[in-house]
Protein chains: 2
Amino acid sequence: MATDPLSLTFAALADPTRRAILARLAEGEATVNELAEPFAMSLQAVSKHLKVLERAGLVIRGRAAQWRPCTLESAPLEEVSDWLGRYRQQWEGRFTRLDEELLRIQNGTEGEQSHE
Amino acid sequence: MATDPLSLTFAALADPTRRAILARLAEGEATVNELAEPFAMSLQAVSKHLKVLERAGLVIRGRAAQWRPCTLESAPLEEVSDWLGRYRQQWEGRFTRLDEELLRIQNGTEGEQSHE
DNA sequence: CCGTTGTTCAACCTCTAAGTTGATTAGATA
DNA sequence: TATCTAATCAACTTAGAGGTTGAACAACGG
């Protein structure tokens, strides 16, 4: 697997279990047991998922007695958002073009495609 | 691997080669050979990457003679953006809290942590 | 000190991702 | 028809993801 930060983040997000964990953490700090509770898989499996999220910088783990409380760290999500930003113009542009096309069809001038 | 749309999209984006392909496609349609040219890997490997992108709905392939021109489809990126949106409040909130903390430090009242 | 709880480590299995090379198909052209 | 180009298909290798179970460690409570 690629090891650059963005790839690590995307890979971490490419799993429904891990996204569910993040959703739970968005509501506040939680222990591994609490996080594992909703899932039909072993605690160890969840622990591995957390390690993936940690490596991507999406969760930070504290230490309180025998617990390792997890908290959400959203910095990598901002990176993703920045990356997406480069394409936003793209899809907004596409929408505009589609919109124009729909207007053209409504106006009954659809035969005149001047698609560069 | 998970097969839900969001997971497919994130997985597709979790590779620098595929992100570079998307960046190239953002500038316009391209053939497989054109897309493969910058990379130090076989054409077949790039073809596989395109298949992954296609499965995620990020590229659409046409047919023109012996060429299969690829175009960027940004709808899945919007899905990602929507998903991210649920966390935006989170990290903006975090920033605010960090900001407050910095202000508190600047004011010399840093000992009084009332962290719920 | 002993047992319980929370969590991780280690070994293992299975499946798939990502690359390779070689053969094959589809269409253009001599 | 023969051949060149564009791209895919097929078979294979290697490495890692994602799950399991069982053992180990660390901290608390009796």
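Residues numbered from 1 in each chain as written. Chains lettered and ligands numbered in written order. Predicted model: local features only at pLDDT ≥ 70, side-chain atom pairs only at ≥ 80, totals over all residues. Heavy atoms only, no water.

Once that is clear, we can look at helix H4 (residues 43-55) of chain A. All names here are of chain A. When the terminal C-alpha atoms of H4 are compared, their 18 Å separation across 13 residues agrees well with the 18 Å that a helix rising 1.5 Å per residue should span. Buried residues along H4 sit against helix H1 (5-13), helix H2 (16-25), helix H3 (32-36), strand S1 (59-61) and strand S2 (70-72). Once H4 finishes, glycine 57 follows within two positions and takes phi at roughly 80°, a positive value. (Helix = DSSP H or I, 4+ residues; strand = E, 2+ residues; numbered from the N terminus. Expected span 1.5 Å × (residues − 1). Contact = heavy atoms within 4.5 Å.)

The full count for this structure, using the stated rule, is five aromatic pairs over all chains. An angle of 75° between the planes, with centres 5.5 Å apart, marks the rings of phenylalanine 10 of chain A and tryptophan 83 of chain A as edge-to-face. Pair noted here: phenylalanine 10 of chain A is in helix H1 and tryptophan 83 of chain A is in helix H5 (residues 75-106), with a separation of 73 residues, a long-range link. By relative accessible area, which is 3% here, tryptophan 83 of chain A ends up buried. Each ring, one from tryptophan 83 of chain B and one from tyrosine 87 of chain B, has its centre 4.8 Å from the other, and the planes form 45°; the classification is tilted. Of this pair, tryptophan 83 of chain B and tyrosine 87 of chain B both sit in helix H5 (residues 75-106), four residues apart, which is roughly one turn of the helix. Relative accessible area serves as the criterion here: at 4%, tyrosine 87 of chain B is assigned to the buried category. Taken together through their ring pairs, the aromatic side chains of Phe10, Trp83 and Tyr87 of chain A together with Phe10, Trp83 and Tyr87 of chain B make up a single cluster. (Phe/Tyr/Trp six-rings, centres within 6.5 Å; stacked < 30°, edge-to-face > 60°. Buried < 20%, exposed > 50% of the residue type's maximum accessible area, 1.4 Å probe, protein only.)

This next bit is on the protein's contact with DNA strand D. Lining the immediate surroundings of DNA strand D are 23 residues, of which Gln44, Lys48 and His49 of chain A together with Asn33 and Ser47 of chain B lie closest. Within 4 Å of the protein, the contacting atoms of DNA strand D are 67% sugar and phosphate, with bases supplying the remainder. Serine 42 of chain A is positioned with one of its side-chain polar atoms (N or O) 2.8 Å from a phosphate oxygen of DNA strand D. Within the backbone of valine 32 of chain B, a nitrogen or oxygen atom sits 3.2 Å from a phosphate oxygen of DNA strand D. Those elements that place two or more of their residues in the surface near DNA strand D are H4 of chain A together with helix H3 (32-36) and helix H4 (43-55) of chain B. For the surface near DNA strand D, the element with the highest residue contribution is H4 of chain B, accounting for five residues. Of the residues assigned to the surface near DNA strand D, the class counts are seven nonpolar, nine polar and seven charged. (Near = heavy atom within 4 Å. Polar contact = N/O pair within 3.5 Å; in protein donor to acceptor, adjacent residues only side chain to side chain. Nonpolar A, V, L, I, M, F, W, Y, C, P; charged D, E, K, R; others polar.)

What follows is about the packing of H2 of chain A against H4 of chain A. Residues and elements named next belong to chain A. In the contact formed by H2 and H4, the axes pass within 10 Å of each other and the chain directions differ by 75°. Between H2 and H4, the angle is such that the two are roughly perpendicular. Contacts from Thr17, Arg18, Ile21 and Leu22 in H2 reach Val46, His49, Leu50, Val52 and Leu53 in H4. Partitioned by chemical class, the residues of the contact of H2 with H4 number six nonpolar, two polar and one charged. (Axes fitted to C-alpha atoms, helices over the stretch in contact; angles between N-to-C directions. Parallel < 35°, antiparallel > 145°, perpendicular 65-115°, else oblique.)

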